[in-house]
Amino acid sequence: MISFDNDYSNGAHPKVLQKLVETNDLRTQPYGADECCMRAKELIKKVCEDDEANVFFLTGGTQTNATVIDSMLYQYEGVIAVDTGHINVHEAGAIEFTEHKIIVIPSHEGKMHARDLRKYLDDFMHDGSNAHCVYPGCVYITFPTELGTLYKASEIAEIYEVCKEYDIMLYVDGARMGYGLMSEGNDITLPFLARHCDVFYIGGTKIGALCGEAVVFTHNNAHRHFFSIQKQHGAVIAKGRLIGAQFEALFTDNLYFDISRHAIDMAMRVKEMFRAKGYRFYLNSPSNQQFVVMTREQADALAKNIQFTYFGQTDTGDVIARFVTSWSTTEEELKELEKHI
C-alpha cells in the first residue's frame, strides 16, 4: 500500500548509506569524538555562519527535546509552548517525565504570537504569588509547526526579543527544519536562526538519515556539562560516528537542502491534486504536511488503498486527513494517490 502517513518510514538517502559504508572500517574514538562527527560539526557551523556554535548529535526528536529542555531549566522551572506544540501533544509526557511542567499558551494555526508570550510573562512577573508557581524558564517553538505552517523571520525575531527582555532562552525544534527552509515563501535561514534563538536542532531522522538530530547551541551557550546531561538521559551512543557520518553526508554538496526541496515539490503537487478534485484544506500549509478535509466516507474509502493520518475532525464532523511527503516520495506514489482520490 502507498503511504503518505509520515516522513520517516523509509531508510536513508543512498548518499548517506554510502558514507556509512565508506567509513565502516574506520577505528574511531567513541562518544562523538571521532573525525566524522568533527567534520560534520564544522560543516554545520559553516552553514549556520556561527563559528562559536556548540553542536551535539542525538538519535531522535523526543530524546532531543527532553534532553535539551532539561539542560536549560532549574528544577522549579517549566517551558512555555503553544497548545498544539509537539512536546505538548505527541511526546507522551516526556518533558513532564523530567519533572518540568509545560506551560501552555494559545496557538494561532500552530504558531506562537509574541504578544501572547509577553502578556503571559508580564502577568507572571507582576503576580505577587508567583513564588508559589512554576517559573517560566524557556520558550519552545517548532519550525515548521505541528500544523505545517511557517513562522516569518519577523515573528521569530519578535519572540526572541521578548525572551531576551525577560531573560529566558528560546529553543526551536527543527525535526522538519529542511522542509521549512525550502518551502515557498520562507524567509528564514540557518544563519538567521543562529542569531535569533539560543538553541535549535536540525532534524535528520525525517530528512534523509537513518536516525539522528544535530543540536546547535548558538554562540557557545550550551550548558558546560551538556555531555553529562546527555548521558543521564541515555542520549549518548558509543558509536557516535553513526550519526556524525550521516550529517557529514547530508551537509556535503547541498544534499540536505536539495532533498528537502524535493519533498516540498511533491507536497505542492499533492495539494494541487486535492484542490483540482474539489477538496478543501483545514489550513494553508506551505510545507510537506497537507491537511485535507473530507467526509468520513471519503476518508474510509481512500484508506483502503492509501495510508495517511486521521489527524482529527472539524466542528461539523468531517475528517481532517494529513498527507505527508518526504525526501523519498516518488512520481509513482503521486500517480497512485491521484488514481484513488
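Look up: the structure comes first, before these words.
Predicted model, so just to flag it, every value in this text is computed and none were measured.

### Looking at the side chain of Asn186
1) Next: Considering the arrangement of structural elements, one finds Asn186 in the loop between helix H8 (177-181) and helix H9 (190-196).
2) Next: Asn186 gets classed as buried once you look at its relative accessible area, which sits at 18%.
3) Next: A distance of 3.0 Å separates the side chain of Asn186 from the backbone oxygen of Leu181, its partner in a polar contact.
4) Next: From its side chain, Asn186 meets the backbone oxygen of Ile188 in a polar contact 2.8 Å long.
5) Next: For Asn186, the contacting residues outside a window of four places in its chain are Phe143, Leu150, Gly180 and Leu181.

### Let's talk about the sheet that holds strand S12 (residues 309-313)
Two modes of strand pairing occur in sheets, parallel and antiparallel, and in both the strands are linked by backbone hydrogen bonds.
1) Next: Read across the open sheet, the four strands follow the order S9-S10-S13-S12; overall the sheet is antiparallel. Taken across any chain shown, the strands that pair with only one partner, and hence form the sheet edges, are strand S9 (280-281) and S12.
2) Next: Note that S9 and strand S10 (residues 289-294) share two bridges and pair antiparallel. The partner of Phe281 across the bridge, within S10, is Val292.

### So, the environment of Ser285
1) Next: Summarising the element assignment, Ser285 is placed in the loop between S9 and S10.
2) Next: The buried category is assigned to Ser285, whose relative accessible area is 0%.
3) Next: Once the C-alpha coordinates of Ser285 and Glu109 are considered, the two residues, 176 residues apart in sequence, prove to be 9.6 Å apart.
4) Next: Setting aside its immediate chain neighbours within four residues, Ser285 contacts Leu147, Gly148, Met268, Lys271 and Gln290.
5) Next: Of the polar contacts made by the side chain of Ser285, one reaches the backbone oxygen of Gln289; its length is 2.6 Å.

### As for the nonpolar core
As a rule of thumb, nonpolar side chains are buried together in soluble globular proteins.
1) Next: Judged by nonpolar contacts, the single largest core of 59 residues is most densely connected at Ile44, Met112, Leu117, Val139, Phe200, Ile202 and Phe247.
2) Next: Not counting residues within four places of it along the chain, the set of residues in contact with Val139 comprises Val79, Ile80, Met112, Leu117, Ile159, Cys163, Ile168, Met169, Leu170 and Tyr171.
3) Next: Formed by 23 residues, the second largest nonpolar core is a distinct cluster that contains Leu58, Val79, Ile87 and Phe217.

Conventions adopted
- Residues numbered from 1 in each chain as written.
- Predicted model: local features only at pLDDT ≥ 70, side-chain atom pairs only at ≥ 80, totals over all residues.
- Heavy atoms only, no water.
- Helix = DSSP H or I, 4+ residues; strand = E, 2+ residues; numbered from the N terminus.
- Buried < 20%, exposed > 50% of the residue type's maximum accessible area, 1.4 Å probe, protein only.
- Polar contact = N/O pair within 3.5 Å; in protein donor to acceptor, adjacent residues only side chain to side chain.
- Contact = heavy atoms within 4.5 Å.
- Pairing = 2+ DSSP bridges.
- Core = buried A, V, L, I, M, F, W, Y, C linked by side-chain atoms within 4.5 Å.

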